[in-house]
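# Fold and contact review
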Amino acid sequence: MSLNNISSNRDEWSSKTAFILAAAGSAVGLGNIWKFPYITGENGGGAFVIIYILCVIAIALPIMISEVYLGKKGKSNPVKSLINISRSENVSKNWKIIGFIGIVAGLLILSYYSVIAGWTMAYTIRTASGVLNNIDVNDAANIFNNLISDPERLLSWHTIFCLITGFIVAKGVRSGIETAVLRLMPALLIMLFALVIYSAIEANFLQGLKFMLYPNFEIVTWNTVLIAMGQAFFSLSLGMGALLVYGSYMPENISVAKTTFIIASLDTLVALLAGLAIFPIVLSSGLEMSQGPGLIFQTLTVAFAGMPGGQLFGTMFFVLLLFAAWTSAISLIEPFITYLMSKYNISRIRASFISISTSWVLGFGTIVSFNIGSNIRIFGLTIFEFIDYLTSNLLLPIGGILISVIVGWCISRNTLKNDRLIGENLLSFIWFISIKFVAPLAVLVIMLNAIGLKIF
Ligand code: PHE
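Because the structure is a prediction, the values reported are computed rather than measured. (Residues numbered from 1 in each chain as written. Predicted model: local features only at pLDDT ≥ 70, side-chain atom pairs only at ≥ 80, totals over all residues. Heavy atoms only, no water.)

## Observations regarding the overall build of the protein chain
- Regarding its fold elements, the protein chain presents 18 helices and 0 strands.
- Every one of the 456 residues in the protein chain was classed for burial, and the buried ones make up 59%.
- For the protein chain, the computed accessible surface area is about 17,800 Å², with 65% contributed by carbon and sulfur atoms.
- Taking the average place of the 26 positive charges on the side chains of the protein chain and the average place of its 20 negative ones, the gap between the two points comes to 13 Å. (Helix = DSSP H or I, 4+ residues; strand = E, 2+ residues; numbered from the N terminus. Buried < 20%, exposed > 50% of the residue type's maximum accessible area, 1.4 Å probe, protein only. Areas by Shrake-Rupley, 256 points an atom, 1.4 Å probe, with all protein chains shown as cover. Lys, Arg positive; Asp, Glu negative; His and termini not counted. Charge placed at Lys NZ, Arg CZ, Asp CG, Glu CD.)

Right, here's the structure in full:
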């Protein structure tokens, strides 16, 4: 049995591999290589990693399957897909709120994502030009601080990244994404493996491994759990409509569950490899584990400086990271673009211009958070920290709860059976139980506890 064809004549990925690569391109990005190591460093290591992995398996994976499914079934932009599904399932059209939450979250995330991607561009040029050859830990810290304390430079890089992203999405992305990801993802994986090997030979590998794997649960609070869960949503591109849009281009005969499982595994592998590459270097160079967003830019440049061929190797690495950031940035903005196009009947070029400009302006907040506006606080957080907290720890998980509820409670069992999501084997039964009960309750309990309403 196939899905209801709610609207026909839509674009489709050319193959199962193309879908996997595009979704993996969305998932694997700065979240894995920049964010995962630094928030693991800030949250004490091992226990955080274990909680993160549990969140991926028990919460994120079931929701991810559901989000891709909603796209495959709704066959439209995030808002319209939800309207299509509520119509065919006879439930309230208000479920389209899932689409709106996603669009807002995507814009906000992209606003800081492109600033950080800008750092990656700056470091690509710096490594390539050789100015980072032979630097030590102190130089690395100074160089990084000089960059982030200069709002004009940050604005320039942010603008360049927005322009290029805008250019790609305006042209239409599918074939571009497919071919780029197919070539770049394996190269990124190989580079990461090489960095792990460098770390194992040159740095304090065992201590790094211990930091990453040995759990100290005493330092874990509900907020730690919320951050780990938020990171799982962020890293898997979950809860904001990106996977929904990608799922909407999915050919009929592909299994949602199997392909999603592959993407989640790949994403987690990349994050763990990044940790394995970075923590030993931090430990042997005396850098601060909990220094925050600058962690990889400082550790990796020190590592490359000490490596034979470090200049070439470092440049390649930052270029690949940049490509990984691009394939994710595209998926962050695509939901808004497709929404604008179908809602206001405007061209892709115009929709891209509006979306990217909005996110560009929002990015000013993040830029000044590191310099002239570092004193501006919202609930005690800088603007960047606030946007990050709001999106990863609140908006994406709320999107996740709503996705679980509509799939677990509103779509009929018969439909799920017809669409081959349940009824085939034990795993599909486990998925159903988790999407109906485990995932939404876990997200709710974690969120309520972390924001202070102790419900136990
Ligand atoms: N998953 C991407 C990363 O890890 C970021 C992202 C989040 C992309 C949400 C799309 C949607 O870098």
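So that's the structure; there's more coming.
## Here's the deal with helix α1 (residues 16-27)
- Under the 1.5 Å per step criterion, the end-to-end length of α1 is 16 Å for 12 residues, consistent within 8% with the ideal 16 Å.
- Of all 12 residues that make up α1, 10 are buried, and the element is covered over most of its length.
- Looking at α1, one finds that the buried residues are A18, F19, I20, L21, A22, A23, A24, G25, S26 and A27.
- Its side-chain oxygen at 3.4 Å from the backbone nitrogen of T17, S15 defines the N-terminal cap of α1. (Expected span 1.5 Å × (residues − 1). Polar contact = N/O pair within 3.5 Å; in protein donor to acceptor, adjacent residues only side chain to side chain.)

## A look at the site of the ligand
- In the vicinity of the ligand lie 14 residues, with A27, G31, Y113, F234 and S237 positioned nearest.
- Contact between the ligand and S237: a nitrogen atom at 3.0 Å from a side-chain N or O atom of the residue.
- Taking a 2 Å distance to the grid points as the criterion, the majority of the atoms of the ligand fall inside the largest cavity.
- At the level of secondary structure, the elements contributing two or more residues to the shell around the ligand comprise α1, α2 (30-42), α10 (222-235) and α14 (310-344).
- Tallied by class, the residues present in the shell around the ligand amount to 6 nonpolar, 8 polar and no charged. (Near = heavy atom within 4 Å. 1 Å grid on protein atoms, 1.4 Å probe; cavity = no way out; pocket = protein on both sides within 12 Å on 5 of 7 lines; lining within 4 Å. Sits in = over half its atoms within 2 Å of the grid points. Nonpolar A, V, L, I, M, F, W, Y, C, P; charged D, E, K, R; others polar.)

## Side note on helix α13 (residues 295-305)
- Of all 11 residues in α13, 11 are buried, a share of seventy percent or more.
- For α13, the full list of buried residues reads L295, I296, F297, Q298, T299, L300, T301, V302, A303, F304 and A305.

## Digging into empty space enclosed by the protein
- In total, this model carries 3 cavities of 30 Å³ or more according to the counting rule given.
- Quantified by volume, the largest cavity comes out at close to 120 Å³.
- Along its surface, the largest cavity is lined by 16 residues, and S26, F234, S237, S328 and L332 are the ones closest to its centre.
- Looking at the lining of the largest cavity, the elements that each hand over two or more residues are α1, α2, α5 (97-129) and α14.
- A total of 3 residues in the lining of the largest cavity trace back to one element, the largest contributor, which is α14.
- The space that makes up the second largest cavity amounts to roughly 60 Å³.
- Contributing to the lining of the second largest cavity are V181, L184, M185, L188, L320, F323, A324 and T327.
- Of all the secondary-structure elements, those providing two or more residues to the lining of the second largest cavity are α8 (174-202) and α14.
- Taken together, the residues of the lining of the second largest cavity sort by class into 7 nonpolar, 1 polar and no charged. (Points joined across faces, edges and corners; volume = space filled by probe spheres on them.)

## Concerning the pattern of salt bridges
- The final tally for this structure, using the stated rule, is 5 salt bridges.
- Residues E252 and K75 are paired through a salt bridge, measuring 3.4 Å at the closest nitrogen-oxygen approach. Taken together, the positions of E252 in the loop between α11 (242-248) and α12 (256-285) and K75 in the loop between α3 (46-74) and α4 (78-89) put the pair 177 residues apart, joining distant regions of the chain.
- In this structure K75 comes out as buried when scored by relative accessible area, which is 5%.
- With its nearest N and O atoms 2.7 Å apart, the salt bridge here joins E334 to R348. Here R348 lies in helix α15 (residues 348-369) and E334 lies in helix α14, a separation of 14 residues in the sequence. Accessibility assignment for this pair places E334 and R348 in one class, buried. (Salt bridge = Lys/Arg side-chain N within 4 Å of Asp/Glu carboxyl O.)

## Section: the side chain of E334
- With relative accessibility at 1%, the residue E334 sits in the buried group.
- Of the polar contacts made by the side chain of E334, one reaches the side chain of R348; its length is 2.7 Å.

## Section: the nonpolar core
- Ranked by internal contacts, the top residues of the largest apolar core, which has 161 residues, are W34, W119 and F317.
- Among the elements that line this core, the one with the most residues is α5, at 17 residues.
- Apart from residues no more than four positions distant in its own chain, W34 is found in contact with Y112, I116, W119, P293, I296, F297 and F384. (Core = buried A, V, L, I, M, F, W, Y, C linked by side-chain atoms within 4.5 Å. Contact = heavy atoms within 4.5 Å.)

## A closer look at the packing of α10 against helix α16 (residues 383-410)
- Two elements in contact, α10 and α16, have axes separated by 8 Å at closest approach and are oriented at 70°. Taken together, the axes of α10 and α16 lie roughly perpendicular to each other. Of the residues in α16, those touching α10 at N223, L226, I227, M229, G230, F233 and F234 are Y389, S392, N393, L396, P397 and G400.
- Class assignment of the residues belonging to the contact of α10 with α16 gives a composition of 8 nonpolar, 5 polar and no charged. (Axes fitted to C-alpha atoms, helices over the stretch in contact; angles between N-to-C directions. Parallel < 35°, antiparallel > 145°, perpendicular 65-115°, else oblique.)

## Details of unusual backbone geometry
- One non-glycine residue, N134, lies in the positive phi region at around 65°.
- By the element assignment, N134 lies in the loop between α5 and α6 (137-148).

## Here we look at the environment of G99
- Residue placement: G99 occurs in helix α5.
- Measuring from C-alpha to C-alpha, the distance between G99 and Y198 comes to 43 Å, with 99 residues separating the pair along the chain.
- In contact with G99, not counting residues within four places along its chain, are P78 and V79.

## Description of the packing of α6 against α13
- The N-to-C vectors of α6 and α13 enclose an angle of 140°; their axes lie 9 Å apart at closest approach. As far as their axial angle goes, α13 and α6 are oblique. Considering the relative orientation of α6 and α13, their crossing is right-handed. Listed contacts from α13 to V137, A140, A141 and F144 of α6 are F297, Q298, T301 and V302.
- Looking at the contact of α6 with α13 residue by residue, the class counts come to 6 nonpolar, 2 polar and no charged. (Left-handed = near helix turned anticlockwise from the far one by under 90°.)

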